[in-house]
Amino acid sequence: LIPGLTVTIPLTIIAFSLALVIAVVVALIQFANIRGLKQIARFYIWIFRGTPLLVQLYVIFFGLPKIGIVMDPFPAAVLVFSLNEGAYCAETVRAALESVPRGQLEAGQCAGLSYLQTIFRIVLPQAMRTAFPPLANSLISMVKDTSLAANITVTEMLMVTQRIIARTYEPLILYIEVGLMYLIFSTVLTKLQSIGEKKLRYYGRKEA
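Computed from a prediction, not measured in an experiment: that's the story for all the values here. (Residues numbered from 1 in each chain as written. Predicted model: local features only at pLDDT ≥ 70, side-chain atom pairs only at ≥ 80, totals over all residues. Heavy atoms only, no water.)

1. Thoughts on the overall build of the chain
If you tally the helices and strands in the chain, you get eight helices and zero strands. In the chain, the succession of α and β elements from N to C terminus is α-α-α-α-α-α-α-α. Taking the principal axes of its C-alpha atoms as reference, the chain extends roughly 70 × 45 × 25 Å. For the chain, the proportion of its 208 residues judged to be buried stands at 39%. Taking contacts inside the chain between residues at least 6 apart in sequence as the whole, the part at least 24 apart equals 74%. When the accessible area of the chain is evaluated, it comes to approximately 11,700 Å², of which 68% is carbon and sulfur surface. In the chain, which carries 18 positive and 11 negative side-chain charges, the distance between the mean positions of the two groups comes to 7 Å. (Helix = DSSP H or I, 4+ residues; strand = E, 2+ residues; numbered from the N terminus. Buried < 20%, exposed > 50% of the residue type's maximum accessible area, 1.4 Å probe, protein only. Contact = heavy atoms within 4.5 Å. Areas by Shrake-Rupley, 256 points an atom, 1.4 Å probe, with all protein chains shown as cover. Lys, Arg positive; Asp, Glu negative; His and termini not counted. Charge placed at Lys NZ, Arg CZ, Asp CG, Glu CD.)

Here you go:
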């Protein structure tokens, strides 16, 4: 299963990193209430939260070649996972931004900071602290969702397991094994999430 691991881990890291960038940008557009762009952001979120991830993978990998856009399996999976997770994380970040008291924004501008400086130096850091737990949960979910990439021939852990089963005819043992590997990943990430939350609470008390 090691070849599958060398695909699953990079797929998760790259896709989630891009999803975070997308989420912050989309959330900031909504928070700033930029007319036109906000409607586009809401439409993007509506599409990717309202349709199954598997359908999105099929549309990108099998559907786009019909209009001349051909992508390799791994980049296609990265694109879909990034856009899908970005839509969910955007709502998390938006809610976190709105939880920051409006007085913080006004205080920053009164101190001579521009709107963008106030957002990136004062508001966004506080919001990301609030958003950390749900974002960590999204990362854990993405680790498990990467198994769907096998449906577009990405050789991640599930695809490798299926190939081994085709040779050994031992589905029970091998599916339990791959399930345990996902469980280990999730357990490690959950532990890291707990450590991160404790550190954020400590820094929060220290600043207060």
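On we go from here.
2. Here's the deal with the pattern of salt bridges
Within the structure shown, the criterion is met by four salt bridges. A salt bridge links R42 to E91, with the shortest nitrogen-to-oxygen separation between them at 2.9 Å. Here the residue R42 occupies a position in helix α2 (residues 37–50), and E91 occupies one in helix α4 (residues 73–99), the gap between them amounting to 49 residues. Judged by its relative accessible area of 34%, R42 falls in the partly exposed class. Using a relative accessible area of 12% as the deciding quantity, one classes E91 as buried. (Salt bridge = Lys/Arg side-chain N within 4 Å of Asp/Glu carboxyl O.)

3. Some words on the packing of aromatic side chains
Enumeration over the complete set of coordinates arrives at four aromatic pairs. Between the aromatic rings of Y58 and F62, the centroid separation amounts to 5.5 Å while the plane-to-plane angle is 55°, which identifies the pairing as tilted. Within this pair, Y58 and its partner F62 are both found in helix α3 (residues 53–63), separated by four residues, close to a single helical turn. Residue classification places Y58 among the partly exposed positions, given a relative accessible area of 34%. Residue classification places F62 among the partly exposed residues on the basis of a relative accessible area of 43%. Relative to F62, the ring of F61 has its centre 4.9 Å away and its plane inclined at 80°; by these criteria the two rings are edge-to-face. Under the relative-accessibility criterion, F61 is labelled buried at 16%. Among the aromatic residues, those joined into a cluster by ring pairs are Y58, F61 and F62. (Phe/Tyr/Trp six-rings, centres within 6.5 Å; stacked < 30°, edge-to-face > 60°.)

4. With respect to a nonpolar patch on the surface
On the surface, a cluster of nonpolar side chains totalling about 510 Å² of accessible area is made up of L172, I173, I176, L180 and L183. Positionally, L180 belongs in helix α8 (residues 171–207). In this structure L180 comes out as partly exposed when scored by relative accessible area, which is 47%. (Patch = residues over 30% accessible without salt bridge, like charges linked within 9 Å, V, L, I, M, F, W, Y side chains within 5 Å.)

5. Points about the side chain of T118
Mapped onto the fold, T118 is located in helix α6 (residues 115–145). T118 sits in the buried class, given a relative accessible area of 0%. One polar contact links the side chain of T118 to the main-chain carbonyl oxygen of S114, over a distance of 2.8 Å. The contacts of T118, once residues within four sequence positions are left out, are Q104, L105, G108, Q109, L113 and V123. (Polar contact = N/O pair within 3.5 Å; in protein donor to acceptor, adjacent residues only side chain to side chain.)

6. Section: the environment of A127
As for its position among the elements, A127 is in helix α6. Judged by relative accessible area, which is 0%, A127 ranks as buried. For A127 and S99, which are 28 residues apart along the polypeptide, the C-alpha to C-alpha distance reads 7.3 Å. Leaving out residues up to four positions away in the same chain, A127 has contacts with A96, L97 and V100.

7. A word on the packing of α4 against α6
Direction vectors running N to C along α4 and α6 enclose 150°, while the axes themselves pass 8 Å from each other. Judged on the interaxial angle alone, α6 and α4 are roughly antiparallel. The handedness of the crossing between α4 and α6 comes out as right-handed. Listed contacts from α6 to F81, E85, C89, T92, V93, A96, L97 and S99 of α4 are V123, L124, A127, M128, T130, A131, P134, L135, S138, M142 and D145. Each residue belonging to the contact of α4 with α6 can be placed in one class, and the counts come to 13 nonpolar, four polar and two charged. (Axes fitted to C-alpha atoms, helices over the stretch in contact; angles between N-to-C directions. Parallel < 35°, antiparallel > 145°, perpendicular 65-115°, else oblique. Left-handed = near helix turned anticlockwise from the far one by under 90°. Nonpolar A, V, L, I, M, F, W, Y, C, P; charged D, E, K, R; others polar.)

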